[in-house]
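# Report on the structure
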Amino acid sequence: PTRRDFVAQRSGGPWLSVGKIIELFVSMGCVLAKLPGHLETPEGLLGVRYLYSPLTDDFVSLSDLDNDDIVPPSVLEGWERRLGIEIAKGARH
């Protein structure tokens, strides 16, 4: 196990990467999209990605997250509520 695995287990359960979360939500009907244009940040221009759910007509912004960033279970649960999709607990491993 890696240090990241150890920290994830200590913090309440398995955490998922943004890339894995995108894969799961898209497979369940959400759309990964990108806004035209960019946000201007001190580090440069930042594209704004988001997950859109036709089911709830709502979205979750991914603008400050890379695919390899790790998301805690509490954030994922909020995204599930907002997008109207519950990811099976077995898919979280």
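Use the structure listed above.
In this report, the structure presented in the accompanying data block is examined. (Residues numbered from 1 in each chain as written. Predicted model: local features only at pLDDT ≥ 70, side-chain atom pairs only at ≥ 80, totals over all residues. Heavy atoms only, no water.)

### Structural notes on the pattern of salt bridges
Overall, the coordinates contain two salt bridges when judged by the stated rule. A salt bridge links E23 to K20; the nearest nitrogen and oxygen atoms lie 3.6 Å apart. One end of the pair, E23, and the other, K20, are both in helix 2 (residues 18-27), three residues apart, so they sit about a helical turn from each other. By relative accessible area, which is 49% here, E23 ends up partly exposed. Overall, K20 belongs to the partly exposed group, its relative accessible area being 28%. (Salt bridge = Lys/Arg side-chain N within 4 Å of Asp/Glu carboxyl O. Helix = DSSP H or I, 4+ residues; strand = E, 2+ residues; numbered from the N terminus. Buried < 20%, exposed > 50% of the residue type's maximum accessible area, 1.4 Å probe, protein only.)

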